[in-house]
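Listed below are the residues making up each chain.
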Amino acid sequence: MSALILSLLALLVPVALAAQDIAPAEYAARRDSLAARLDSGVVIAFGAPAPTGRTAPGQLPAFRYLTGFLEPNAALVLILRNGRASGTLYTLARDPRRALYDGFLPDSAAIARGTGLAARSMAALGPALDSLALSGLPFYTLRDFGSADDAESDSLTRGASFLRAFSAAHRGLEVRDIHPVVDSLRARKSPAELALLRRAIEITVAGHREVLRAVRPGIWEYEIEALLASAFRRTGGDGPAFSSIVGSGPNATQYHYAINNRRMQAGDVVVIDVGAGYHGYAADVTRTLPVSGRFTAGQRAIYQIVRDAQAAAERVARPGAGYAAWSDSARAVVARGVTRLGLTEGVEATFDPPWADQCPRQPVRCTQAFLYMAHGLGHGIGLEVHDPPSIAYRPGAFQPGDVFTIEPGIYVSTRLLDILPDTPKNRSMIARVRPAVERYQDIGVRIEDDYVITATGVEWLSRAPREIGEIEAAMSRRGR
């Protein structure tokens, strides 16, 4: 090795080892909690691969949850015996010259201090697992998909390829996925996790407050997106935790619109669904604003229904409250509201949806009101923006430590009528509701806030202005 490289090695600081906002002892306790659930066995988990090009690196949520290790190209092997876990991280060596670009990996002693795990070279992984395969212990894996939202389609990962080859070499060895077990552990946030989420939410709320002073006719959606990205970084955040949604006019009626390239016009509403990341934890807060500074009568009517639906769900959320009752409380408000506006034929009226096969299991999906809010009422937040607990359309009940969103919405567009199957029932419904749909055309409203279940109730965390009067008052001060 040249003297130049040796001198640089002495000067350069190693890359970040682990997420030190959470103590190594907490990561060890998480691994022991997993061992207590499984008792005995071998767990294999792969972390994120090195990013391609100049994409920002990021660790896989479940891997980060168990290790705190942020470096790419790592694998974790846990040996569980009688409810206790011992583990080893396997890391891929980095070429010294490559390290001048990407940073230097920590050595095994630093890894042990930062994570409580032993460290070995990735080359030792295969032989170690071959030996463990003879132990008679059951084998488990954490699939290395990037997001739970993409789990079913993400089957060509490095970990999946490795385990296919490993299973083929050890006929009769069953490897079971334990994501549901780890997800159940991730659902309850610890005090350290809640502190990180609070900060992510504070940064997001500050960004929303800046937006209130910036939205006006003529501004482009991407200008608001850029303002928020800047605000999140200026205040110490990681940046946006997911692709920002800034949808105005007809784009307000698309749930996950993310192109953000339309110029806002007077009379529009704009849906701004964003969240800052903070040390890996994601906030998710949505506000709907009148581009002109004041809501029209139609916009105001729909906005208030959505806000009332959110308030109804807030009243239900508490320890022990069932997810179904919580969701039903908001959907009942939406159903009464859209019926009052003439958008449905009645509170309980049904139609023939494109997803009719889902109706026997979830009858609400065949109600006409569902057409205007065909998404769940909320989701957990944490290391993923859609984090455990999974509270939409699932059985279960809230528990202290759950951090989640409540995000009702109403989206009105004639495109909703255009997608319906051509049946006598739908033709009759369309004839009756089309005048109202055209009256409220392109009004999309979503209000989303973040909450935590406490020992006695629920705490609203994302305190950005959300009442009609608060929003209009804040926007009236634009340019002052």
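Everything discussed here concerns the structure shown above.
Computed from a prediction, not measured in an experiment: that's the story for all the values here.

(A) Expanded view of the pairing of strand β3 (residues 84-91). Sheet topology note: the strand β2 (residues 74-81)/β3 ladder contains 8 bridges and is antiparallel. When the sheet's bridge partners are listed, I79 is paired in β3 with S86. Hairpin connection from β2 to β3: 2 residues lie between these consecutive antiparallel strands, with N82 at a positive phi of about 55 degrees. Bridging between β3 and strand β4 (residues 118-121) involves 4 bridges; their strand directions are parallel. Paired with Y90 across the two strands is R120, which belongs to β4.

(B) Examining the pattern of salt bridges more closely. Taken as a whole and assessed by the stated rule, the structure comprises 22 salt bridges. Note that R294 is salt-bridged to E472, the shortest N-O span being 3.4 Å. With R294 in the loop between β12 (285-290) and α11 (297-316) and E472 in helix α15 (residues 468-475), the pair connects residues that are 178 residues apart, well separated along the chain. Judged by relative accessible area, E472 falls into the buried class, the value being 8%. Measuring nitrogen to oxygen at the nearest pair gives 3.5 Å for the salt bridge that ties E345 to R432. Of the two residues, E345 sits in the loop between α12 (323-340) and β13 (403-406) while R432 sits in helix α14 (residues 424-439), which places them 87 residues apart along the sequence. According to the relative accessible area criterion, E345 is partly exposed, its value standing at 30%. Taking relative accessible area as the criterion, R432 reaches 58% and is therefore assigned exposed.

(C) Broad picture of helix α2 (residues 24-38). Compared with the 21 Å implied by 1.5 Å per residue over 15 residues, the 22 Å span of α2 between its first and last C-alpha is a close match. For α2, the set of buried residues is Y27, R30, R31, D32, L34, A35 and L38. Following α2 by one or two positions, D39 has its phi on the positive side, about 70 degrees.

(D) Main features of the side chain of T115. Relative to the assigned elements, T115 resides in helix α5 (residues 108-115). For T115, a relative accessible area of 0% translates into the label buried. At a separation of 2.7 Å, a polar atom in the side chain of T115 contacts the main-chain carbonyl oxygen of I111.

(E) View of the packing of α11 against α15. As a packed pair, α11 and α15 sit with axes 11 Å apart at the nearest point and diverge in direction by 130 degrees. As summarised for this structure, α11 and α15 are arranged oblique, according to the angle between their axes. Note on element contacts: α15 touches α11 through I468, I471 and E472, opposite R300, Y303 and Q304.

(F) Here's a closer look at the state of the cysteines. What the rule picks out here adds up to 1 disulfide. Sulfur-sulfur distance for the disulfide between C359 and C366 comes to 1.9 Å. Taking the torsion about the S-S bond as the criterion, the C359 to C366 disulfide, at about 85 degrees, is right-handed. For C359, a relative accessible area of 10% gives the class buried.

(G) Local environment of the sheet that holds strand β9 (residues 269-274). As summarised here, the arrangement of the 3 strands in space is β8-β9-β12, forming an open sheet in which the pairing is antiparallel. A single partner strand is all that each edge strand has here, and the edge strands are β8 (245-248) and β12. Between one strand and the next, the sheet's axes are offset by a mean angle of 10 degrees, whatever the strand orientation. One ladder, built from 6 bridges, connects β9 with β12; its direction is antiparallel. Of the residues in β12, the one forming a bridge with V274 is V285.

(H) Layout of the sheet that holds β13. Taken together, 3 strands build an open sheet; the order of strands is β13-β16-β17 and the sheet is antiparallel. A single partner strand is all that each edge strand has here, and the edge strands are β13 and β17 (458-460). Strand-to-strand twist in this sheet, taken as the mean axis angle between neighbours without regard to direction, amounts to 35 degrees. Of the strand pairs in this sheet, β13 and strand β16 (residues 449-453) are connected by 4 bridges, and their pairing is antiparallel. Its bridge partner lying in β16, I406 is registered against D449.

What counts as what
Residues numbered from 1 in each chain as written. Predicted model: local features only at pLDDT ≥ 70, side-chain atom pairs only at ≥ 80, totals over all residues. Heavy atoms only, no water. Pairing = 2+ DSSP bridges. Helix = DSSP H or I, 4+ residues; strand = E, 2+ residues; numbered from the N terminus. Salt bridge = Lys/Arg side-chain N within 4 Å of Asp/Glu carboxyl O. Buried < 20%, exposed > 50% of the residue type's maximum accessible area, 1.4 Å probe, protein only. Expected span 1.5 Å × (residues − 1). Polar contact = N/O pair within 3.5 Å; in protein donor to acceptor, adjacent residues only side chain to side chain. Axes fitted to C-alpha atoms, helices over the stretch in contact; angles between N-to-C directions. Parallel < 35°, antiparallel > 145°, perpendicular 65-115°, else oblique. Contact = heavy atoms within 4.5 Å. Disulfide = S-S within 2.5 Å.

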